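Chain by chain, the residues run as shown.
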Amino acid sequence: MEISTKALQVKYLELETLLDFTNNLNSFENTPDLLQEILVKSCGVLNASAGFILLEDSNTDILNIEAHFNINITPLRSIIFNKKKGFVYDIKSIGKTVCIDIATNVHLSKINAKYAIIAPLQQKKDIIGFIVLLDKESRKGLSAFDDSDSSMISAIASQASTAYSKDRKSVV
């Protein structure tokens, strides 16, 4: 009985967090602030030590770093995030959140981190970008992201995509 009570408490907290998250996203008036808020809140909710958001460039196959948090941006700038190659292509093909060990990823191995969770940002059926969170922190040190983290970041990415789409429409 105690396990199910704890599971219900966790689900309640997740729902409360998502509701809070959604309400906050509707209050931003410009895209850079919105993206930074999405990233910082995502890191906070998942206990990630760092992260960045990639968004597609509508004129090329390249995704650009549009927000970053607690990470040295210099190694990131040396990585070309191409929609048709590498992990971006792989995740775009899968179309859902993935957890990876950075040491096994040629592109991300330049980043000073061990683990990543990458969630697609979607408009309708098109993937327009990704939320990338790095190194889940706990009292025991760094740990890999798990299925519950995948569920949470997927829900956050869905809300973030909606807010980003609204923000872009209001600019146009």
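For the structure itself, consult the block above.
First, a word on what this report is: a plain description of the structure on this page. Values in this document were obtained by computation on a predicted structure and should not be read as measured data. Note that residues are indexed from 1 along each chain, following the sequence as it is written. Restriction of local features to residues with pLDDT of at least 70 applies here, the model being predicted, together with a cutoff of 80 or more for giving and counting side-chain atom pairs; totals for whole chains, interfaces and linings are based on all residues. Excluded from the side-chain calculation are hydrogens and water; included are all heavy atoms of the structure.

The helix count covers DSSP runs of H or I at least four residues long, the strand count covers runs of E at least two residues long, and both are numbered beginning at the N terminus. Of regular secondary structure, the protein possesses five helices and seven strands. Beginning at the N terminus, the succession of helices and strands in the protein can be written as α-α-β-β-α-β-α-β-β-β-β-α. Note on classification: 1.4 Å probe, protein chains only; a residue is buried when its accessible area is under 20% of the maximum for its type, exposed when over 50%, partly exposed between these limits. Expressed as a percentage of the 172 residues in the protein, the buried residues total 40%. Partitioning the intrachain contacts of the protein with sequence separation of at least 6 by distance along the chain shows that 52% fall at a separation of at least 24. For the area figures, the Shrake-Rupley method with a 1.4 Å probe applies, and any residue is considered shielded solely by the protein chains shown. Put simply, the protein shows about 10,100 Å² of open surface, and 51% of that area lies on carbon and sulfur atoms. Contacts are assigned to residue pairs that have any heavy atoms within 4.5 Å of one another.

Our next topic: the side chain of Asn105. Here Asn105 lies in the loop between strand S4 (98-101) and strand S5 (115-123). Beyond its immediate sequence surroundings of up to four residues, Asn105 is in contact with Phe87 and Ile100.

The next subject is the environment of Ile131. Considering the arrangement of structural elements, one finds Ile131 in strand S6 (residues 126-138). The spatial distance from the C-alpha of Ile131 to the C-alpha of Ile117 is 8.1 Å, given a sequence separation of 14 residues. Excluding residues that lie within four positions of it along the chain, Ile131 makes contacts with Ile38, Ser42, Phe52, Ile53, Ile117, Ile118, Ala119, Leu121, Ile153, Ala157 and Ala160.

Once that is clear, we can look at the environment of Ala116. Mapped onto the elements, Ala116 comes out in strand S5. Classification of Ala116 by relative accessible area gives buried; the value is 1%. Put simply, Ala116 and Ile102 are 14 residues apart on the chain and 6.5 Å apart in space, counted from C-alpha to C-alpha. Residues contacting Ala116, with those up to four places away along its chain left out, are Val98, Cys99, Ile100, Ile102, Leu133, Leu134 and Phe145.

So, about the pattern of salt bridges. The working definition used for a salt bridge is a side-chain nitrogen of Lys or Arg within 4 Å of a carboxyl oxygen of Asp or Glu. Under the defined criterion, the tally for this structure stands at five salt bridges. A salt bridge links Glu56 to Lys83, with the shortest nitrogen-to-oxygen separation between them at 3.3 Å. In this pair, Glu56 is assigned in strand S1 (residues 48-56) and Lys83 in the loop between strand S3 (81-82) and helix H4 (86-94), connecting sequence segments 27 residues apart. Looking at Lys83, the relative accessible area reads 15%, which means it is buried. Overlapping salt bridges, with partners in common, bring together Lys136, Asp146 and Asp149 in one network.

What follows deals with the pairing of S5. Consecutive side chains along a regular strand alternate between the two faces of the sheet. A strand pair is defined by DSSP finding two or more bridges across the two strands. Sheet analysis places S4 next to S5, joined by four bridges and oriented antiparallel. The partner of Val98 across the bridge, within S5, is Ile118. As paired elements, S5 and S6 share eight bridges and run antiparallel to each other. Residue pairing in the sheet places Leu121 in a bridge with Gly129 of S6.

The subject of this paragraph is the environment of Ile94. Mapped onto the elements of the fold, Ile94 is located in helix H4. Residue class for Ile94 comes out partly exposed when judged on its relative accessible area of 48%. Residues Ile94 and Pro120 lie 26 residues apart in sequence; the distance between their C-alpha atoms is 9.8 Å.

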